[in-house]
Structure formats: structure tokens, C-alpha cells
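Analysis of the macromolecular model
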Amino acid sequence: MIVYLNGSFIPHEQAVVPVEDRANNFGDGIYEVVSFADGCLFAFEEHMDRLRYSAREIQLDLPEDPSRYAAVAERLMTENSLAGYASLYMQISRGVAPRLHAFPAQARPTVYIAAKPGKYVPDEDREKGRPAVTLPDLRWGRCDIKSLNLLPNVLAKQAAAKAGAQDAILIRDGMAIEGAASNLFAVFNGTLVTHPKGPHILGGITRQHILRLAESLGIPCLEEPISAEAVWKADELFFSGTMLEIMPITKIDGKVAGGGRRGPVSARLQTGLHREMWGK
Ligand SMILES: Cc1ncc(COP(=O)(O)O)c(C=O)c1O
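Counting restarts for each chain, with residues numbered from 1 along the sequence as it is written. Note on the predicted model: pLDDT of at least 70 is required for a residue's local features to be given, and 80 or more for side-chain atom pairs to be given and counted; whole-chain, interface and lining totals, by contrast, use all residues. Think of the side-chain values as coming from all heavy atoms in the structure, minus any hydrogens and water.

Observations concerning the layout of surface pockets
Cavity: a set of points on a 1 Å grid over the protein atoms alone where a 1.4 Å probe fits but cannot get out. Pocket: an open set with protein on both sides within 12 Å along at least five of seven lines, its lining residues, like those of a cavity, having an atom within 4 Å of a point. Grid points are joined across faces, edges and corners, and a volume is the space filled by probe spheres set on the points. Estimates place the volume of the largest pocket at around 1,200 Å³. Lining the largest pocket are 49 residues, and of these Tyr31, Val33, Lys146, Ala181 and Ser182 sit closest to its centre. With 5 residues, helix α5 (residues 151-162) is the single largest residue contributor to the lining of the largest pocket. Residues are grouped as follows: nonpolar covers Ala, Val, Leu, Ile, Met, Phe, Trp, Tyr, Cys and Pro; charged covers Asp, Glu, Lys and Arg; every other residue, Gly included, is treated as polar. Of the residues in the lining of the largest pocket, the class split is 24 nonpolar, 16 polar and 9 charged. An automatic or database domain assignment is the source of the domain bounds shown. Each of domain 1 (2-117) and domain 2 (123-278) accounts for three or more of the residues forming the lining of the largest pocket. Secondary structure elements are taken from DSSP: a helix is a run of H or I of four residues or more, a strand is a run of E of two residues or more, and numbering for both begins at the N terminus.

This is the structure we're talking about:
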């Protein structure tokens with residue numbers, strides 16, 4: 001596999017970063033995951049806008065304009081003979097410097113980009129939906145930054161997996177905020193509801209596409225917090241994310257939730273999003 005590291009296209013085995021990279025010592029960096037559908041990058045510029053935002057919020061000077069990475073992505077697709085469905089992982093850290101918490105006076109950001117064949121979630125899974133668990137949201141106060149610090153997300157995903165679920169609904173101050181690696185949507189009497197953008201959630205690119213799509217389909221939308229109790233009254237529930245797209249939630253903590261199946265609003269949005277991504 002050929003990857004991109006600091007301006008060079010090299011074999012994956014040779015992509016080595018010094019141990020004192022700040023990503024390694026502090027998780028001091030940001031990342032993005034973009035999907036390729038039918039060989040085309042999906043919503044690339046929106047992902048780059050979020051990358052610019054994350055960089056600005058952690059005061060990291062990007063070494064180049066991220067729009068340039070579209071060409072890097074295309075080359076990685078070609079070099080690795082990836083057609084069809086693939087994912088692009090991009091990570092930018094503050095660079096290599098002796099381990100001191102405050103920013104180093106001189107360090108060049110480390111830029112790593114890799115493209116891999118995507119594991120397309122089977123349509124049957126998207127139709128069947130998946131169980132979730134609820135867990136307290138242990139993350140920090142700036143979840144809007146797509147930072148490399150993912151320990152609470154890792155722990156939540158692991159706890160979910162241990163409980164036989166794929167993802168966790170994170171609860172903060174009595175509100176069902178989002179998933180450990182996804183945004184959360186609920187449908188109440190035909191209205192689509194999701195937590196408003198702000199410091200407690202990641203402003204998902206898929207979330208944004210779903211909201212726009214719902215509007216175009218005439219589905220009423222509300223960006224409002226959903227209480228942990230209200231989740232149980234939802235007619236439909238689903239997670240959204242770049243590689244997940246729209247995944248219905250059928251059970252929470254072992255009990256039937258969201259109607260226990262993929263609902264009609266979720267199905268319409270799945271079809272619409274699929275069409276946007278794949279053009280069919
Ligand atoms: C915490 C969190 N929320 C939401 C999302 C969904 O974001 P996107 O739709 O941009 O993939 C992710 C994706 O990784 C995530 O980690």
C-alpha cells in the first residue's frame with residue numbers, strides 16, 4: 001500500500017513517525033475521514049472546511065491549503081488501484097518536538113494520508129438496523145473539534161462492543177447527545193430531530209447532508225436536544241456517519257427502541273443519501 005507522508009508517496013511500511021511526534025505524546029492533532037464512492041470523493045470540500053476549522057480551533061497552522069489534498073487522494077486511489085468504495089484517512093499533528101506541553105517554538109506539522117478499500121456496510125444491515133447502548137459522555141468540552149484525542153470514544157465503543165452493540169448513545173446532562181463515532185437522529189411524529197451544533201457534538205458532514213436532504217424531501221426538521229427519556233418515545237432512531245451513512249437503531253440497552261425496525265423516514269433518507277453519494 002502506498003501512503004502519503006509529509007509530501008512523499010511511500011510504501012506503508014516506510015511511513016514512520018518519530019516517537020516524539022505530538023500526536024503520539026499528546027494526541028495533539030486533528031483528522032478527517034472522507035469516503036470515495038464509485039471512485040469519487042464525497043463531500044471533500046466540506047471535510048476540508050471542517051479540517052480548517054479544527055486546525056484553527058487548536059491553533060495549528062496548516063502547512064498548505066487542504067484543498068490540495070484532493071490531488072493527493074486521487075493519486076493514492078490510482079497508486080493503490082482502488083476503484084468503487086474506499087475511505088481516506090487524513091491526520092495532521094503539530095509535529096515532532098521534545099515532550100513539553102506548551103506548543104514548540106519550531107515544529108513542522110506531520111501530514112499523513114492513506115486510502116484504503118472501504119468496508120461497505122451491507123444493505124441488509126442498513127435495513128435491519130443495529131442495537132446500541134447508552135453510556136455517560138466522558139468527553140471534553142470541545143467535541144466540535146475533530147481531534148486525535150479519542151480515548152473516551154474508544155472506551156465507549158469498547159463498552160458497546162462488549163455489550164453486543166456497535167455504538168453507544170452518549171448521555172450528557174440528561175441529553176442523548178450523539179454516538180461515540182456518529183451523530184444521533186430521532187423521528188417524533190414525522191419530525192426529524194437532532195442535537196444542535198455546538199461544543200458538545202461533532203458537526204457531522206453526513207448530519208448536514210441529511211438535514212438538507214430532509215428539507216428537500218419536505219420532512220420537518222428540528223435541531224434540538226433530545227432528552228435521554230425522550231429517546232424511548234422516538235418512532236425512529238438512527239446514527240449517521242461518513243462510512244456508516246444512516247444506520248437505524250433498533251434496540252437500546254437490550255430493549256426495543258425506535259420502533260424496533262428501520263422506519264419510513266429513515267428509509268427515505270437512506271435512499272436519498274445513497275443517491276447523492278453514488279449518483280444512483
Ligand atoms: C463523535 C462523532 N460524531 C459524529 C461523527 C460523524 O461525522 P461525519 O458524518 O462527518 O463522518 C463522527 C465521525 O467520525 C464522530 O466521530
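Describing the packing of helix α6 (residues 205-216) against helix α7 (residues 264-278)
Closest axis-to-axis distance for the α6/α7 pair is 10 Å, and the angle between their directions is 115°. One element, α6, and the other, α7, form an angle in the roughly perpendicular class. When the axes of α6 and α7 are compared, the crossing they make is right-handed. For the pair α6 and α7, contact is made by Thr206, His209, Ile210, Leu213 and Ala214 and by Leu269, Gly272, Leu273 and Glu276, respectively. Among the residues making up the contact of α6 with α7, the classes are represented as 5 nonpolar, 3 polar and 1 charged. Here an angle of 0 to 180 degrees is reported between the N-to-C directions of two axes, which are lines fitted to C-alpha atoms, with helices fitted over the stretch in contact. Convention used here: angles under 35 degrees read as roughly parallel, angles over 145 as roughly antiparallel, angles from 65 to 115 as roughly perpendicular, and any remaining angle as oblique. Crossing handedness: left-handed means the near helix sits turned counterclockwise from the far one by under a right angle, and right-handed means the same turn made clockwise. Two residues form a contact once any of their heavy atoms are found within 4.5 Å.

Regarding the site of the ligand
With respect to spatial proximity, 16 residues lie near the ligand, and among them Arg50, Glu178, Ile205, Thr206 and Thr242 are the closest. In the environment of the ligand, a nitrogen atom lies 3.4 Å from a nitrogen or oxygen atom belonging to the backbone of serine 182. Protein chains bury 92% of the 390 Å² of accessible surface belonging to the ligand in isolation. When residues of the shell around the ligand are traced back to their parent elements, those giving at least two are β9 (175-179), α6 and β13 (236-241). Here the shell around the ligand is composed, by residue class, of 4 nonpolar, 8 polar and 4 charged. Being near a molecule or strand, for a residue, means having at least one of its heavy atoms within 4 Å of it. Throughout this description, a polar contact denotes any pair of N or O atoms lying within 3.5 Å of each other; where both atoms belong to protein, one of them has to be capable of donating a hydrogen while the other can accept it, and for residues adjacent in sequence the pair is counted only when both atoms sit in side chains. All accessible-area figures derive from a Shrake-Rupley calculation using a 1.4 Å probe, and residue coverage is judged against the displayed protein chains alone.

Quick look at the packing of helix α2 (residues 44-57) against α6
For the pair α2 and α6, interaxial distance at closest approach is 10 Å and the crossing angle is 130°. The pairing of α2 with α6 is recorded here as oblique in orientation. As α2 packs across α6, the resulting crossing turns out to be right-handed. For the pair formed by α2 and α6, the contact residues are Glu46, His47 and Arg50 on the first element and Ile205, His209 and Arg212 on the second.

Describing the environment of glycine 95
Positionally, glycine 95 belongs in the loop between β5 (86-93) and β6 (110-117). In this structure glycine 95 comes out as buried when scored by relative accessible area, which is 0%. In the structure, glycine 95 is positioned 48 residues away from cysteine 143 in sequence and 22 Å away in space, judged by C-alpha atoms. If we ignore the near neighbours within four places in the chain, the residues touching glycine 95 are Glu20, Asp21, Arg22, Arg108, Pro109 and Thr110. Throughout, exposure labels follow a simple rule: accessible area from a 1.4 Å probe, protein chains only, divided by the maximum for the residue type, with under 20% read as buried, over 50% as exposed, and the rest as partly exposed.

Here we look at the pairing of β9
With 4 of its 5 residues buried, β9 lies for the most part within the structure. Pairing between strands requires that DSSP locate at least two bridges from one strand to the other. Both strand β8 (residues 167-172) and β9 contribute to a ladder of 4 bridges, which runs antiparallel. Directly across from leucine 170, in β9, lies its bridge partner glutamate 178.

Some remarks on empty space enclosed by the protein
Taken as a whole and assessed by the stated rule, the structure comprises 1 cavity of 30 Å³ or more. Space inside the largest cavity adds up to approximately 50 Å³. Around the largest cavity sit Phe42, Ala43, His47, Ile205, Thr206, Gly241, Thr242, Glu245 and Met277, which together line it. Structurally, the lining of the largest cavity is a two-domain feature, drawing no fewer than three residues from each of domain 1 (2-117) and domain 2 (123-278).

Brief notes about the domain arrangement of the chain
Domain annotation of the chain identifies domain 1 (2-117) and domain 2 (123-278). Here the C-alpha centroids of domain 1 and domain 2 sit 26 Å apart. Carbon and sulfur atoms make up 63% of the surface buried where domain 1 meets domain 2, a total of about 2,100 Å² over both sides. On the domain 1 side of the contact with domain 2, Tyr31, Phe42 and Arg50 bury the most area, a combined 31% of that side's loss. Salt bridges, as used here, are contacts in which a Lys or Arg side-chain nitrogen is within 4 Å of a carboxyl oxygen on Asp or Glu. The tally of links from domain 1 across to domain 2 stands at 2 salt bridges. Two parts placed together each lose some accessible area under a 1.4 Å probe, and the buried area is that loss summed for both.

Some remarks on the nonpolar core
Side chains of a nonpolar character, in soluble globular proteins, are inclined to be buried together. What makes a nonpolar core is a set of buried Ala, Val, Leu, Ile, Met, Phe, Trp, Tyr and Cys residues whose side-chain atoms join them at distances within 4.5 Å. In this structure, Phe44, Tyr69, Leu88, Met90 and Ile113 are the most contacted members of the largest nonpolar core, which totals 25 residues. Among the secondary structure elements, those contributing two or more residues to this core are β3 (29-37), α2, α3 (69-79), β5 and β6. Here the element with the most residues in this core is α3; it accounts for 5 residues. Among residues more than four places away in sequence, those in contact with methionine 90 are Ile30, Tyr31, Glu32, Phe44, Met48, Leu51, Tyr69, Tyr112 and Ile113. Val121, Ile169, Ala234 and Ile252 belong to the second largest nonpolar core, which has 18 residues in total.

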